[in-house]
Every structure is written in C-alpha cells, then in structure tokens.
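Here is what each chain is made of, one letter per residue.
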Amino acid sequence: MTTTEQERTVRAACPHDCPDTCALRVTVSGNRVIRVEGDPDHPATDGVLCTKVARYAERTHHPDRLTQPLRRVGPKGSGQFEPVSWAVAMAEIGQRLNQIAARDPQRIVPYSYAGTMGFVQGDGLAQRFFHALGASRLDATICSAAGSNGLASVHGKSIGMAVEQFEHSKLILLWGTNPVTSSVHLWRRIQTAKRKGAVVVAIDPFESDSAQKCDRWLALRPGTDAALALALINVLITEDLLDRDWIEQHTEGFEALTERAMQWPAARAAEICGVAEADIVWLARQWGSVRPAAIRVNYGVQRARGGADAVRAIAALPALTGAWRDAAGGILLSSSGWFPVDVTGWQRPDLMPGWPDRLPRSVNMSAIGEALAIPLENAGASTSVGSTSGSSTSDSSTSIPVEAIVVWNANPVAVAPDSESVIRGFAREDLFTVVLEHFQTDTADWADWVLPATTQMEHFDLHKSYGHTSLVVNHPAISPIGDALPNSEIFRRLARAMGLTEPALFDDDQTVARSALDWSHPRLAGVTWEDLLERGWAPLTMDPKVNPLANGGFPTASGRVQLVDSALSVQGRDPVPDWQPPWESAEVDPERSALYPLQLISPPARNFLNTTFVNVTSIRAREGEPECLLHPADATQRGLVEGALVKVFNDRGAFAARLRVTERARRGVAVAPSIWWHRDAPGIQGGPGRNVNAVTSQRLTEGGAGATFYDCRVEVEALA
Ligand code: SF4
C-alpha cells in the first residue's frame, strides 16, 4: 500500500499476548515508523487500537533498542558486555551448544512464550531447531495451561462463541476478566450491548476498570470460582431453569454433575466465596432466564490450584441452559482451536530423536527456578520424563541438569514465579544463557550472550488469534534497526553454525508460515495465500451470525459437551468438576495462612502487557509506580495509610509498592497491578528492586500443570 511519495502504509499485525490480534496499518517515512493505526476494514479491529500499540513507533525507535550482538565480559548479572559481529556470536554460541549437546542435548532448554505470537517469529523455526538438536521440550504453562486443559476437557478444544456476537447478548458475565485493559475491542461490543439494555455482571476479586462499569460486581475470593459455578448449577437444577432438551441431545454426564452440584447449595458457596447467598441465587436465576446469555471467562480464574476445574464448572453453565442455541449465547475463553493449525508441518516434532514414542524430557516453564536449581554434578539420571501437575516440582526438573538456556519472546527473570529462585538459577556461573531480545531486560542482564531481535515492524509473520477468527499477516514495515535480525534468521544462522543439515531448519519465513496451517481444511476454503498477503487478513470460513455450536458437534469423543470427563480418572483426577481449595488456603495450609493472611493477585496493569511496554517512557509515565491496593479495613488493621510505601512479603521474597487504600480491593485481598521490571521497582533497604513475582509460587495447578500466580499468600507492612 502507498499513500504519498514520502510516506507509505504497510499492512501488519499486532504480535502481543492479547486476544484481539489487531490488523494494523503502519505509516512509514524512509526507514522510520510514523504512525501505527488499526485497520478500519478488519471487522475485529474496526480501526481501533489500544493505547499501548498506538505508541508502537516510540517502542520501535526507542534509544535503548539492542542493535548489536553482545558478549558478556564481566561477572554474571553485572551488565558488562562487549559488541561483537554476528559471525563471531554464531560461531561461539554454536560451539558451546555443540559441546553441551555432546554430553546430553536435553541439558539445553528452550524458553519462549508469547512476546510475539506469530507462527514464524514465535515457535516455528525455533522449535524445529531445538527438536533437531534433541533439546529438552518446554511445557508452555505460564499463562493459559490450566484453562486450556479445563476447556478441552469440556469442549474438546479451545473453541467458543464468536466475539462479534457479544454486542447482541442480553446478559453478559465477565468472569475473571477486565476487557477495558486486556481486550478493548470486546469491551466496545459490551458497551454496545449495554446501550441496548444488556445486564453485565463482573465476577472478580478486584473491582477492575471493567467491573466499575458493570451492573453488578460479585467480589469473590480468589481461587473460589469453581465453588461459585457449582452453586449456580445447584440453583439451576433445583429451580429447574434448565434446557433439558439441549442437555439430552448435546451433553454427557448430567447425572454425575447433578450429584456433585447438590453438594453445593448457595449457602455453602457463599461462605467459601465470600459473597452473599442472595447474589448467587440472583445470578443463577438471571442465567437461567435471560436469553441470549454469554460468558466471557478469562485466564484470571485459572491461576490457582483448581483453575482447570473452575473453567470446567463455568463452561457447564451454557450447556445446562441451552445458551448455545443463540448466536449471541455460550462462552468464550479462547477461539484459537477454530484455526486448522498443522503442528506437525509447522514445528516438525518428527525431527526429535525418539519420535514419536520416546521424546526428550519436558521442563515446565512455570517451575524454571526449580529446574535451574539442579546442580550439574547431578548428571546421570538422563531419563526422558514428562512434567507432572499438582506439585511444585516437575519430574523433569529433578532429573537432568540444565546447562544451557536459550530465551526468546520471554522475560522469565521478571515474569516467572518465585523470582529469587529464578534469579539464583540464572546467576549460576555454569549456566550458559543466550537471550534474543529487543531491550536489555531483567533476563538479558543475566545472559552470556544477548542477541538483538527485530520488532514486529521489521520482520514477516502470520498470526492466528485467540479472541477472533481471522488470520492476520504482518509485513515488515521498515528494515531492521542496527544489526538486529528476526528470530527466524537467528535460528537459521545458529543451525548453520552448528553444522545441522536438516533442510527444514532453513525454510524461509513465508514457507514456515504456510506450513503452519492445514490448507485443505474447510475453514480455509476460499482463502488463498496471495489474497492473504495482499489484504493483510482473512476470516476463517465461518459465519459469525450463526452459532457453530448451536447444534452440538463439539470436538470431543462423543461430539457432546463433557459435563463429566471420565478420561481424567486415568490421571488421578476427579472426572466431575469440583472446588479444590487453593494451595495457600486455610484448608490446605493453615500455618501459612495464619502467617500471611492476605491473598495476593497481580492482574495486568492498564498500560502494560506483561513486561512489554514497561520501558516505553510515555507508557510508563501513565502507569506511575508499583502499587498495592488494600481494602480500608485491611489497611487500618495494619496501621497503614494511603500513599505509604509498603513491603509486601512472604517466605519466598518481598517487593515494595505504594499503598492505595480502596474498596476496589475486596477484604482479605491485596492487588498488585503488574508486571513491572525488577529494575524499575523500588528496592527494600537498599536491596535490588523486585516486582510481584518475588512472592509468587512455583506450585502448579491440578489440571494442566499451569502457573498459580493468584494462589499466593502475603503480609503487608509499612516500610520505614
Ligand atoms: S495489544 Fe491487543 S488491543 Fe492492543 S493492538 Fe495488540 S491486539 Fe490490539
């Protein structure tokens, strides 16, 4: 696309961990990004961007961008590096990785997540590279694992209702989600629904920006969502607010779920959740009587021990009332399962030694601190094992030491739970650490090598979405800044430097992108690669006006909604959803709960997206400083006053924050909007800065072995 001789417009995609996956129009002059705007033609984007990405030019041309490969010259963590050429960097890194691989390639751990979510610069060529090497696999659990596990148990896959339909719903439950911050396009649709008279209910321990604008706010205790959902089911059954015909035709396990729900009268759930019994009954009656009715549940509900079962119980609600019959009814957690992704063609797991029966071990990224704590002299137990759920330690972490870690699209020192443990691991002198990055992050500080990566403005990619159902293409708008290279090119060069010869490691970016999809699938009927490149986006062949699940056809073994999942008993889990008290609750750990009486949650700060954007000056200025929100009664009980600098702590660590005393935090809950970089947070008594993950835990969820960021007990006191 071209606008003037001086300026041109390029079609692009937002790469960040956000369900909206916006189609962008990037205005460029010379080799400079002038403006980033939403594509007005893309229905999900509708010409609108969040304030973060609207400032993408500032991020792209930030003076702190890494522009050359850097080799460490000082002690680990000292921040002393020297620039070297790509040829030297590749030769030296390749040689070191080959030496480690000769001992056991599983000692090499790839570590990446959703810093960019594209098929090419995310997990495409990089996974092929590590598979061919025989490196450890990464159990990518840090954000959505428990929820995905729970939803797959009920629906068969991560599928749900069309996001476009929310504006036509008459009742909307926002369950563990704050779309004003984390899904601005959904929020616009909800505002439309509100204008048409819809009732919108927020279910959240924190009165978020979204909750403030809802008709009702149910302030439940963190980690009690399953109890609330089961009580709603109880009322639906006892008051016969069911669609028995839909249940009969499209679900299985209704009797067993009924038996379980009868154990959950509203009074019991009210006590556990800390909400009024009358509110539970009111909500159940609303859900059982208003049509169309929709639930937007998000990953907030699954960051505690029983997160998977919470999603299972919540996902049962639309099936029981036949909400799926309406185009604007049902539930949406993720739409990613609608995309016909060909993982085998894309990531080539067949390149792994032992494929398909005996694969390299898997390391759970949510317990990376524990994995890095295994000393090298522990070598010997080189058995291939997978990670386990429900415990703080994965089997993988207790067997093979980690001798090298390669990090891209991630910032584990700041983002992974239990920072002190993670930092101890990255500080190991015998750990070889390579970090691909845009900026000198908390993780890059501990690297042996920092490799400058291109931003989304400088490389090609293709994206699916987990909030809508369009593919979106990202064309490079400008040439790379300095000597930065796309992740894909870095892994191609590294493969060459290491003497790897598998042709799939050297595919160009468009070939990798095309390999990620099953082009023969009916949902890609009529979509051509050429059109996609030209238009910048393409919807899957689905009619958003029709609910694709209205008549069942769920991708489960039976094609029905699995209210009960008998396959779970093989894993030692209850086939029927139930409430599991959080690991750090009075029920499970009374001693810890007495020592640390406050439950801590760390929802996304309004202007950050995980740790991305924290270093963009204008954005950080809007956010201010790290804060901890406490209910007035909790503050008074501790003698704390508004604006005080406080220490939030437990036995894992501590961080400092400015106290905000507000009834937006429910009683007994501390709220720390996140995720700040450690280095930008105030230190305590002259110590290094720490963010909220100084106190979070490496315990894992029961289903999905996911992170439990919101299953965390703390105490708060004044800092002198
Ligand atoms: S972060 Fe989300 S809302 Fe913002 S531009 Fe990206 S996809 Fe759109």
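Residues numbered from 1 in each chain as written. Predicted model: local features only at pLDDT ≥ 70, side-chain atom pairs only at ≥ 80, totals over all residues. Heavy atoms only, no water.

Draft legend 1. Examining the overall build of the chain more closely. A tally of regular secondary structure across the chain gives 23 helices and 27 strands. Against the 2.2 N^0.38 benchmark of 27 Å for 720 residues, the chain shows a C-alpha radius of gyration of 25 Å, consistent with a compact globule. On the principal axes, the C-alpha backbone points of the chain span a range of 70 × 65 × 55 Å. By sequence separation, contacts in the chain at least 24 residues apart represent 75% of the contacts at least 6 residues apart. For the chain, the exposed surface amounts to about 24500 Å²; the carbon and sulfur share of it is 48%. Computed over 68 positive and 82 negative side-chain charges, the inter-centroid distance for the chain is 2 Å. (Helix = DSSP H or I, 4+ residues; strand = E, 2+ residues; numbered from the N terminus. Rg over C-alpha atoms; globule rule 2.2 N^0.38 Å. Contact = heavy atoms within 4.5 Å. Areas by Shrake-Rupley, 256 points an atom, 1.4 Å probe, with all protein chains shown as cover. Lys, Arg positive; Asp, Glu negative; His and termini not counted. Charge placed at Lys NZ, Arg CZ, Asp CG, Glu CD.)

Draft legend 2. Highlighting the sheet that holds strand β12 (residues 293-297). The strand order across the open sheet built from five strands is β10-β9-β8-β12-β13, with neighbouring strands paired in parallel fashion. The sheet is open, and its two borders are formed by β10 (216-218) and β13 (330-332), each paired with just one other strand. Looking at each pair of strands side by side, their axes are set apart by 20° on average, direction ignored. Across five bridges, strand β8 (residues 171-175) lies against β12 in parallel orientation. Bridging across to β12, Ile172 finds its partner in Ala294. Contacting β8, β9 (199-203) and β10, helix α8 (residues 225-238) runs over the sheet at an angle of about 155° to β8. (Pairing = 2+ DSSP bridges. Axes fitted to C-alpha atoms, helices over the stretch in contact; angles between N-to-C directions.)

Draft legend 3. Region of the structure containing empty space enclosed by the protein. The tally for this structure, following the rule as stated, stands at three cavities of 30 Å³ or more. In this structure, the largest cavity encloses a volume near 90 Å³. Lining the largest cavity, in full, are Pro19, Asp20, Ala44, Val163, Ser183, His185, Leu186, Arg189, Arg296, Leu332, Gly467 and His468. Here the lining of the largest cavity takes three residues from helix α6 (residues 184-195), the largest share from any one element. (1 Å grid on protein atoms, 1.4 Å probe; cavity = no way out; pocket = protein on both sides within 12 Å on 5 of 7 lines; lining within 4 Å. Points joined across faces, edges and corners; volume = space filled by probe spheres on them.)

Draft legend 4. How the structure looks around unusual backbone geometry. Here the bond from Trp355 into Pro356 is cis, since omega is -5°, no more than 30 degrees from zero. Counting through the fold element by element, Pro356 comes out in the loop between α14 (343-347) and β14 (362-364). That bond from Ser674 to Ile675 is cis: its omega, 15°, falls within 30 degrees of zero. Despite not being glycine, Gln685 shows a phi value in the positive range, around 50°. Here Gln685 lies in the loop between β26 (669-671) and β27 (713-718).

Draft legend 5. How the structure looks around the site of the ligand. Lining the immediate surroundings of the ligand are Cys14, Cys18, Asp20, Thr21, Cys22, Leu49, Cys50, Val53, Val184, His185 and Leu609. Considered class by class, the residues forming the shell around the ligand number eight nonpolar, two polar and one charged. (Near = heavy atom within 4 Å. Nonpolar A, V, L, I, M, F, W, Y, C, P; charged D, E, K, R; others polar.)

Draft legend 6. Summary view of the sheet that holds strand β19 (residues 470-474). Taken in spatial order, the three strands line up as β18-β19-β20 in an open sheet, and their pairing is antiparallel. Edge positions in the sheet fall to β18 (461-463) and β20 (537-539), since each has one partner strand and no second. Strand-to-strand twist in this sheet, taken as the mean axis angle between neighbours without regard to direction, amounts to 15°. Pairing of β19 with β20 involves three bridges; the strand directions are antiparallel. By the bridge assignment for β20, Val472 is matched with Trp537.

Draft legend 7. How the structure looks around the pattern of salt bridges. What the rule picks out here adds up to 51 salt bridges. Close ionic contact of Arg128 with Asp507 constitutes a salt bridge, the shortest N to O distance being 2.8 Å. Placement of the pair is Arg128 in helix α3 (residues 125-133) and Asp507 in the loop between α18 (487-497) and α19 (509-515), with a sequence separation of 379 residues. Judged by its relative accessible area of 22%, Asp507 is partly exposed. When salt bridges with common partners are traced through the structure, they connect Glu584, Asp589, Arg592, Asp651 and Arg652 into a single cluster. (Salt bridge = Lys/Arg side-chain N within 4 Å of Asp/Glu carboxyl O. Buried < 20%, exposed > 50% of the residue type's maximum accessible area, 1.4 Å probe, protein only.)

Draft legend 8. Summary view of α3. With eight of nine residues buried, α3 lies mostly within the body of the structure. Within α3 the residues assigned to the buried category are Leu125, Ala126, Gln127, Arg128, Phe129, Phe130, His131 and Leu133. Against the buried residues of α3 lie β6 (108-112), α14, β15 (404-408), α18 and α19. Positive phi shows up at Gly134, right after α3, with a value of about 80°.

Draft legend 9. Examining the packing of aromatic side chains more closely. Applying the stated criterion to the full structure yields 15 aromatic pairs. Ring centres of Trp264 and Trp579 lie 6.2 Å apart, and the angle between their planes is 85°; this geometry places the pair in the edge-to-face category. Of this pair, Trp264 sits in the loop between α10 (254-261) and α11 (266-273) while Trp579 sits in the loop between β21 (561-562) and α21 (590-595), and the two are 315 residues apart along the sequence. Relative accessible area serves as the criterion here: at 12%, Trp579 is assigned to the buried category. When the ring centre of Trp537 is taken as reference, the NZ or CZ atom of Arg535 above it lies at 3.8 Å. We note Arg699 situated over the ring of Trp583; from NZ or CZ to the ring centre the distance is 4.0 Å. (Phe/Tyr/Trp six-rings, centres within 6.5 Å; stacked < 30°, edge-to-face > 60°. Lys NZ or Arg CZ within 6 Å of the ring centre and 35° of its normal.)

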